[in-house]
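# Survey of secondary and tertiary structure
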Amino acid sequence: MTDWKTRTKLVHAGTRRSQYGEVAEAIYLTQGFVYDTAEAAEARFIEAGPDEYIYARYGNPTVRMFEDRIAALEGTEDAFATASGMAAVNGALTSLLRAGDHVVSARALFGSCLYILEEILTRYGVEVTFVDGTDLDQWRAAVRPGTKAVFFESMSNPTLEVIDVAAVAGIAHAVGALVIVDNVFATPVFSRAVELGADVIVYSATKHIDGQGRCLGGVICGTKQFVRKVAEPYLKHTGGALSPFNAWVMLKGMETLDLRVRAQADSAMALAEALDGHAKLARVIYPGLAAHPQHATAAAQMDGFGTVLALDLAGGREAAFRFLNALEIVTISNNLGDAKSIITHPATTTHQRLSPAQRESLGIGEGLVRLSVGLEDTGDLIADVTRALESA
Ligand SMILES: *Cc1c(COP(=O)(O)O)cnc(C)c1O
């Protein structure tokens, strides 16, 4: 299985068949598992063997299939599935950190990730230093001997800053810090995070892995030691387990993940090129454009440039709202990675909680919109967006 290519892993890795030999993965919609004897129950509580389950909060065969499939794809030894992407981010950080520990994090983060680092970890005595993730000197200055972990989104939401994973990992490993990467925007298809030195990779499966707007889910990928000895004890007792039904949706989503993400990224590139230099736009932000400040880093560390672009409307909030309201195919919503193209105005939605000064420092202006490119016909999308821009 280790020499299978991506598409083969996405269809087959982790599959477990019952005695019925079903083709499609079974949904084991059960909370508990029966033991033949009291002695067998005792033995399993002492140490569960492979494919021995106790309770669905700890593990479940359908969930296990999803964990094995994503671990095979990402190239990590193991994975633990969670109820949402945020349960994965929180689980990876909170299971590892203790009062007195020091963490360095990039400042440009998804709002809920920022909340965990800024509001929750600090409440329990963890010291967090924020840096501009694209400035390696700031990482070098912020880490110190004993820094426990560094955290960043390899491509940030929503401004698409690309962080040099190998360089930051080098700085972190020099002081013994663990590298925890939120890799949602890079996608599991384009990710090479493991070979770049990431130790723990976190995904919101809600995004590209489902990819069809149905279920929440998340996953923590890493070494057996981290996943089973650090993350699992925390997660199984605090209740962030993925439902078997949602795991099944994610498994079926993975079968088409490579095809979908590549098609969406191709359309994102075509849209970025078509819109670059448009009179109504102050900026088109897409790592695939040569003018993107981290274009070279993105090209070196990913096998594609992602499915999301950001557009900065010259006319500010009013122009952005007129643009959104004039779109016919692209829908206004705040998910991403979906088959449907989705657009959002971060300053008034996903990043509303931040102060204007914080938004300013993250480059989230009043004219900025985030466009997640779906699976519609590329020409139709370009036509919809360019026509709606006339209204802006
Ligand atoms: C959506 C998202 C999350 C959170 O995932 P949920 O499944 O919504 O909990 C975390 N990080 C990034 C970068 C995201 O885009």
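As shown above, the structure is provided for reference.
Residues numbered from 1 in each chain as written. Predicted model: local features only at pLDDT ≥ 70, side-chain atom pairs only at ≥ 80, totals over all residues. Heavy atoms only, no water.

By volume, the largest pocket amounts to about 710 Å³. Around the largest pocket, the lining is made up of 24 residues, and of these Ala-48, Gly-49, Glu-52, Arg-228 and Glu-232 lie nearest the centre. Elements that contribute at least two residues to the lining of the largest pocket include exactly helix H2 (38-46), helix H3 (61-74) and helix H10 (224-238). At six residues, the largest contribution of residues to the lining of the largest pocket is made by H10. Class assignment for the residues of the lining of the largest pocket results in eight nonpolar, three polar and 13 charged. (1 Å grid on protein atoms, 1.4 Å probe; cavity = no way out; pocket = protein on both sides within 12 Å on 5 of 7 lines; lining within 4 Å. Points joined across faces, edges and corners; volume = space filled by probe spheres on them. Helix = DSSP H or I, 4+ residues; strand = E, 2+ residues; numbered from the N terminus. Nonpolar A, V, L, I, M, F, W, Y, C, P; charged D, E, K, R; others polar.)

Below, the discussion takes up the site of the ligand. Near the ligand there are 14 residues, and of these Gly-85, Asp-182, Ser-204, Thr-206 and Lys-207 occur at the shortest range. Gly-85 places a main-chain nitrogen or oxygen 2.8 Å from an oxygen atom of the ligand. The separation between an oxygen atom of the ligand and a polar main-chain atom of Met-86 is 2.8 Å. Protein chains bury 91% of the 380 Å² of accessible surface belonging to the ligand in isolation. Its residues assigned to classes, the shell around the ligand comprises five nonpolar, six polar and three charged. (Near = heavy atom within 4 Å. Polar contact = N/O pair within 3.5 Å; in protein donor to acceptor, adjacent residues only side chain to side chain. Areas by Shrake-Rupley, 256 points an atom, 1.4 Å probe, with all protein chains shown as cover.)

Grouped together as the largest cluster of nonpolar side chains are 120 residues, with contacts concentrated most on Phe-66, Val-150, Phe-152, Leu-309 and Phe-323. When residues in this core are grouped by element, the largest group, eight residues, is from helix H12 (residues 257-275). Residue-level mapping places this core at the junction of two domains, with at least three residues from each of domain 1 (6-254) and domain 2 (257-389). (Core = buried A, V, L, I, M, F, W, Y, C linked by side-chain atoms within 4.5 Å. Buried < 20%, exposed > 50% of the residue type's maximum accessible area, 1.4 Å probe, protein only. Domains from an automatic or database assignment.)

Attention now goes to the pairing of strand E9 (residues 308-313). Where burial is concerned, most of E9 is hidden: six out of the six residues are buried. Residues Val-308, Ala-310 and Asp-312 point to one face of E9 and Leu-309, Leu-311 and Leu-313 to the other, with burial holding for every one of them. For strand E8 (residues 281-285) and E9, the ladder comprises four bridges, and the chain directions are antiparallel. When the sheet's bridge partners are listed, Arg-283 is paired in E9 with Asp-312. As paired elements, E9 and strand E12 (residues 368-372) share five bridges and run antiparallel to each other. When the sheet's bridge partners are listed, Ala-310 is paired in E12 with Arg-370. (Pairing = 2+ DSSP bridges.)

On to the packing of aromatic side chains, then. Going through the model one piece at a time under the given rule, you end up with six aromatic pairs. Taken together, a centroid distance of 6.5 Å and an interplanar angle of 70° make the contact between Tyr-286 and Phe-305 edge-to-face. Placement of Tyr-286 in the loop between E8 and helix H13 (295-301) and of Phe-305 in the loop between H13 and E9 is noted, with a sequence separation of 19 residues between them. Taking the relative accessible area as the measure of exposure, Tyr-286 reaches 1% and is therefore buried. Above the plane of the ring of Phe-110 lies Lys-207, whose end atom (NZ or CZ) is 5.2 Å from the centre. (Phe/Tyr/Trp six-rings, centres within 6.5 Å; stacked < 30°, edge-to-face > 60°. Lys NZ or Arg CZ within 6 Å of the ring centre and 35° of its normal.)

Residues Ile-27, Leu-29 and Phe-245 make up a contiguous nonpolar surface patch of roughly 290 Å² in combined accessible area. With respect to the helices, strands and loops of the structure, Leu-29 is situated in the loop between helix H1 (6-12) and H2. Overall, Leu-29 belongs to the exposed group, its relative accessible area being 66%. (Patch = residues over 30% accessible without salt bridge, like charges linked within 9 Å, V, L, I, M, F, W, Y side chains within 5 Å. Salt bridge = Lys/Arg side-chain N within 4 Å of Asp/Glu carboxyl O.)

These results come straight from atomic positions and should not be treated as a statement about function.
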